[in-house]
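Here is how the chains run, residue by residue.
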Amino acid sequence: MGFASIFKNNSAQDGQQIYNALSLSMAVIEFAMDGKILTANDNFLKTMGYKLEEVVGKNHSLFVPKEISSSDDYRRFWDQLRAGKFSAGAVPRVKKNGEMIWLEATYNPIMGADGKPTKVVKFATDITERRVERALLQSVFSAIEKSQAVIEFDLKGKILKANNNFLDVMGYSENEIVGKHHSMFVEKGQRDTEEYRSFWQKLNAGEFQAGQFKRLGKGGREVWIEASYNPVLDPVGKPFKVIKFAIDITEQTNLLLNLKAMIDKNFSEIDSNISALDRSANQSVSASEETLRAVQTVAASAEEMAASIAEISRSMTQSRTETERAFDQTVSANSSTQRMTEVVESMGSIVEVIQNIAGQINLLALNATIESARAGDAGKGFAVVANEVKNLANQAARATEQISAEISGIQSISSEVVEALGTIRHSVETVRDSVTNISSAVEEQSAVTEGVSENMRMMASAVDGLSQNLDSIKSTTGMVADSVSRTREAAEVLAR
């Protein structure tokens, strides 16, 4: 209903009050029936950037873009106003500085007493910001609709409409789906689940839903989409429909599913190999620990053997010294025996001289006896002496024979001693050479044993390091297995 009707149905006073009230909050301008400006309030002048004297007497086209003011639609617009027809809507207008604005306006013909229009009153509100926002939203929506599959549902899930992208993805025509329920795209086993009911309950509560969804196209074809379900709110914030924006990710999802299958297969083999490696590592650790214990035992034994050989070496060195001393004593004894033999031989010569003297004494005693016999009584005393001399000579001869026998025995014993000392000397020489060789060998063996002991210590250290490395390998295989498990989980997430 136009303002002309308002003024007709109310008193002039009420109409003026209504006019004044509207003028306080809205931009108001009055035109003559030919479009000339009669007056405008401050709200209108501020909105358009003019002063009153700059617009009065000018035509309404002052505010209209040229492409509109020269059109047939613009002429029909004024023809309708002159015919007393009310006009309303959002219209583009031009400010003084040339800036374009949008006004939500009503053009109200004011009727005279004869029922003919006498002027037009325009009430307007600047909706430029709202219009720009709306245009922006519309542009965004149009861009989304061009690039994505879009479908609209009421709050019960009934399909209202769908764009061509959605129809192409799902393989339907629009008349095949409009009026049907969203569940036509869902697998049968999912339609009656609590999860599906909760999905629509949340949308009815105004909760946004988004994610990757498996849907069924025409003929049961499997389709994967990346979608968002967006509740659309009315001016009081109450949902009244749902718009779904979706992207077809079937190809990518199938690739990911194939990748997951391949990863599962490969990772199963990796798991098997890692398990085998882990078992081998465990066995190697056990073997290295046993080897370490054995090497440590051998090393300890080698050290004890080295100590024993060192003691033997010291004993052999001492034996060699004593053998050398015995050899020297044997040589000295042999020399003394040789000298004793020479002395005994000399004593034999002396015995022979004594024997010769005793023989001569016997001869002299015999001669003295003969002479004493010749002398008779005068020679008796001489005969006694001669007899005693003979006895002494015989005693000397017997003693000399006994000495000679003893000297022969000594010579025989000396020969045996010399022969025995020679044998002992040869044996001592042999023992000395053997002890010397053994001592040298023991010294070499001691050095070798020290080297063995040192090598065993180094081997023990190396085996200990090997054991630690195997422990590290074992730990690493555990980390690899854990990483493989996490990668498999990641692959499962990618394939959802």
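Please read these numbers as outputs of a predicted model, since none were measured by experiment. (Residues numbered from 1 in each chain as written. Predicted model: local features only at pLDDT ≥ 70, side-chain atom pairs only at ≥ 80, totals over all residues. Heavy atoms only, no water.)

What should I look at first to understand the packing of aromatic side chains in this one?
The relation between two aromatic rings is expressed through the spacing of the ring centres and the mutual angle of the planes. Considering all chains together, one arrives at 14 aromatic pairs under this definition. Geometrically, the ring pair formed by Y74 and F77 is stacked, given 6.2 Å between the ring centres and 25° between the ring planes. Of this pair, Y74 and F77 both sit in helix α6 (residues 72-82), three residues apart, roughly one helical turn. You can call F77 buried: its relative accessible area is 14%. Measuring from centroid to centroid gives 4.9 Å for F77 and Y107, while their planes differ by 85°, and the two rings are edge-to-face. A residue pair is termed long-range when its members are at least 10 positions apart, and F77 in helix α6 and Y107 in strand β4 (residues 100-111) qualify at 30 residues. On the basis of relative accessible area, Y107 is assigned to the buried category, the value being 1%. Members of the aromatic cluster, connected to one another through ring pairs, are F153, Y196, F199, W200, F213 and Y229. A cation over an aromatic ring shows up here: R131 above the ring of W102, its NZ or CZ 4.0 Å from the ring centre. (Phe/Tyr/Trp six-rings, centres within 6.5 Å; stacked < 30°, edge-to-face > 60°. Helix = DSSP H or I, 4+ residues; strand = E, 2+ residues; numbered from the N terminus. Buried < 20%, exposed > 50% of the residue type's maximum accessible area, 1.4 Å probe, protein only. Lys NZ or Arg CZ within 6 Å of the ring centre and 35° of its normal.)

How should the sheet that holds strand β5 (residues 117-126) be read in this particular structure?
Where strands meet in a sheet, backbone hydrogen bonds hold them as pairs that are either parallel or antiparallel. The strand order across the open sheet built from five strands is β2-β1-β5-β4-β3, with neighbouring strands paired in antiparallel fashion. Pairing within the sheet leaves two strands with one partner each, and these edge strands are β2 (37-40) and β3 (87-94). The average angle at which neighbouring strand axes cross in this sheet is 30°, direction not considered. α6 contacts β1 (27-32), β3, β4 and β5 of the sheet and is inclined by roughly 125° relative to β5. Seen against the sheet, helix α7 (residues 128-147) touches β3, β4 and β5 and runs at an angle of roughly 125° to β4. (Pairing = 2+ DSSP bridges. Axes fitted to C-alpha atoms, helices over the stretch in contact; angles between N-to-C directions. Contact = heavy atoms within 4.5 Å.)

I tried to follow the pattern of salt bridges on my own but got confused; where do I start?
Pairing between side chains of opposite charge can happen when their charged atoms approach one another. The tally for this structure, following the rule as stated, stands at 12 salt bridges. The residue K161 makes a salt bridge to E152 at a minimum N-O spacing of 3.9 Å. Note on K161: relative accessible area 44%, which makes it partly exposed. (Salt bridge = Lys/Arg side-chain N within 4 Å of Asp/Glu carboxyl O.)

Where do I start with the environment of A88 in this structure?
Position of A88 among the secondary structure elements: in strand β3. Taking C-alpha positions, A88 is 5.6 Å from A105, a pair spaced 17 residues apart along the chain. Beyond its immediate chain neighbours, meaning those up to four positions away, A88 contacts A105 and T106.

How should I be thinking about the layout of surface pockets in this particular structure?
Unfilled space is identified by rolling a water-sized probe across the atoms. A volume near 260 Å³ is recorded for the largest pocket. Contributing elements (two or more residues each) for the lining of the largest pocket: α10 (194-204) and β8 (209-216). Class assignment for the residues of the lining of the largest pocket results in three nonpolar, four polar and five charged. Of the volumes computed, that of the second largest pocket is approximately 170 Å³. Lining the second largest pocket are Q138, F141, V232 and I243. When grouped by side-chain class, the residues that make up the lining of the second largest pocket number three nonpolar, one polar and no charged. (1 Å grid on protein atoms, 1.4 Å probe; cavity = no way out; pocket = protein on both sides within 12 Å on 5 of 7 lines; lining within 4 Å. Points joined across faces, edges and corners; volume = space filled by probe spheres on them. Nonpolar A, V, L, I, M, F, W, Y, C, P; charged D, E, K, R; others polar.)

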